[in-house]
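Below are the chains, spelled out letter by letter.
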Amino acid sequence: MKKQGIYATCIKRVLDFILSLVALIILSPVFAILIVTGTIAMGGNPFFTQLRPGKNEKIFKMVKFRTMSNKRDSEGQLLPDDQRLNYYGKILRSTSLDELPELWNIVKGDLSIVGPRPQLVRDMVFMDANQRRRHSVRQGLTGLAQVNGRNNISWEEKLKWDLKYIDAGITLKEDIRIVIKTLGKVFTRSDISTEGMETAEDYGDYLLRTKKVDCETYDLRQKEAQKIIEEIVSLEPVKTNEA
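Parameters at a glance
Residues numbered from 1 in each chain as written. Predicted model: local features only at pLDDT ≥ 70, side-chain atom pairs only at ≥ 80, totals over all residues. Heavy atoms only, no water. Helix = DSSP H or I, 4+ residues; strand = E, 2+ residues; numbered from the N terminus. Rg over C-alpha atoms; globule rule 2.2 N^0.38 Å. Contact = heavy atoms within 4.5 Å. Buried < 20%, exposed > 50% of the residue type's maximum accessible area, 1.4 Å probe, protein only. Expected span 1.5 Å × (residues − 1). Bend = angle between axes of the 7 residues up to and from the residue. pLDDT = per-residue confidence, 0-100. Axes fitted to C-alpha atoms, helices over the stretch in contact; angles between N-to-C directions. Parallel < 35°, antiparallel > 145°, perpendicular 65-115°, else oblique. Nonpolar A, V, L, I, M, F, W, Y, C, P; charged D, E, K, R; others polar.

Overview of the overall build of the protein
- Tallying secondary structure elements over the protein gives ten helices and four strands in all.
- Put simply, the protein runs from its N terminus to its C terminus through helices and strands in the order α-α-β-β-α-α-α-β-α-β-α-α-α-α.
- Computed over the C-alpha atoms, the radius of gyration of the protein is 18 Å, within 12% of the 18 Å expected from 2.2 N^0.38 for a compact globule of 243 residues.
- Taken along the three principal axes of its C-alpha coordinates, the protein extends 55 × 45 × 40 Å.

Have a look at this one:
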């Protein structure tokens, strides 16, 4: 891994703060519209918060516009994703408008504009030590994996792209290139979800489906993830569903 230069260690964070703050101000009318329409379409709170591992695996609360309802079955369990993802939610996902509130996470310092995309806590616990090096930097609103297949590539490919971004040395030139390619992906609405699925598949589910972990290991890792989430929630009560 190359030693990170002054851009990665100092300048990148300053640019993240300034650019995301300016974007929040310019896009405030869009936010207002999406808050009103989201409240109507989702029958309540238009925002969705979720615990994600950030830099050095510090857990933070990521905020997005809600794309799935909280509909539950007779036993109080959340319905499958495809039953909770309504038409309005599909529009938000296909246009990536659901990601806009993450600009606030960038202002706060939880995220960067460019970096490995923050995955779920229950994805992190299935990663090996090398893969978890992706958490050595701030996670990003977009990243190298997002412009090279996004959710329509295998988990192995996705994690390799994340590490390549770090190991090649983080530079302004590369970040600009990734942002430009991201805009192209947004406009063409490509690679939004895994082929044949309404949403992206969790890493643990993928490993179990492809028989790369057994059921016992899967259950143990899921319990590990749940324990991490419960510890965070107990310290600062938040309303969150990893879904």
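A closer look at the environment of Ala41
- The residue Ala41 is located in helix α2 (residues 28–42) in this model.
- As for Ala41 and Lys164, which are separated by 123 residues in sequence, their C-alpha atoms are 40 Å apart.
- Beyond its immediate chain neighbours, meaning those up to four positions away, Ala41 contacts Asn86 and Tyr88.

Considering unusual backbone geometry
- Despite not being glycine, Asn56 shows a phi value in the positive range, around 60 degrees.
- Relative to the helices and strands, Asn56 is located in the loop between β1 (47–53) and β2 (59–65).
- Residue class for Asn56 comes out exposed when judged on its relative accessible area of 61%.
- Positioned with a positive phi, Glu57 is a non-glycine residue whose angle comes to about 60 degrees.
- By secondary structure assignment, the location of Glu57 is in the loop between β1 and β2.

A few points about helix α1 (residues 6–26)
- In a regular helix each residue adds 1.5 Å, so 21 residues correspond to 30 Å; α1 covers 29 Å between its end C-alpha atoms and thus fits that length.
- At Lys12, α1 shows its strongest bend, of approximately 40 degrees.
- Inspection of α1 places Tyr7, Lys12, Asp16, Ser20, Ala23 and Leu24 among the buried residues, and these make up the whole buried set.
- Buried residues along α1 sit in contact with α2, α5 (102–108), β3 (111–114), α7 (155–167) and α8 (172–188).

Side note on the confidence of the model for the protein
- Overall, the prediction assigns the protein a mean pLDDT of 90, with 93% of residues at 70 or greater.
- Here residues 238–243 is modelled with pLDDT under 50, and outside its nearest four sequence neighbours on either side it reaches 26 contacts, counting other chains as well.

Quick look at the environment of Arg221
- Among the secondary structure elements, Arg221 is positioned in helix α10 (residues 215–235).
- On the accessibility criterion, Arg221 (29% relative accessible area) is partly exposed.
- For the pair Arg221 and Asn148, spaced 73 residues apart in sequence, the C-alpha separation works out to 28 Å.
- Once you skip the residues sitting within four places of it in the chain, Arg221 turns out to touch Val125 and Phe126.

Here we look at the packing of α1 against α2
- In the contact formed by α1 and α2, the axes pass within 4 Å of each other and the chain directions differ by 60 degrees. Regarding the angle of α1 to α2, the classification is oblique. On α2, the residues that touch Leu24, Ile25 and Ile26 of α1 are Ser28, Pro29 and Phe31.
- Classifying every residue of the contact of α1 with α2 gives five nonpolar, one polar and no charged.

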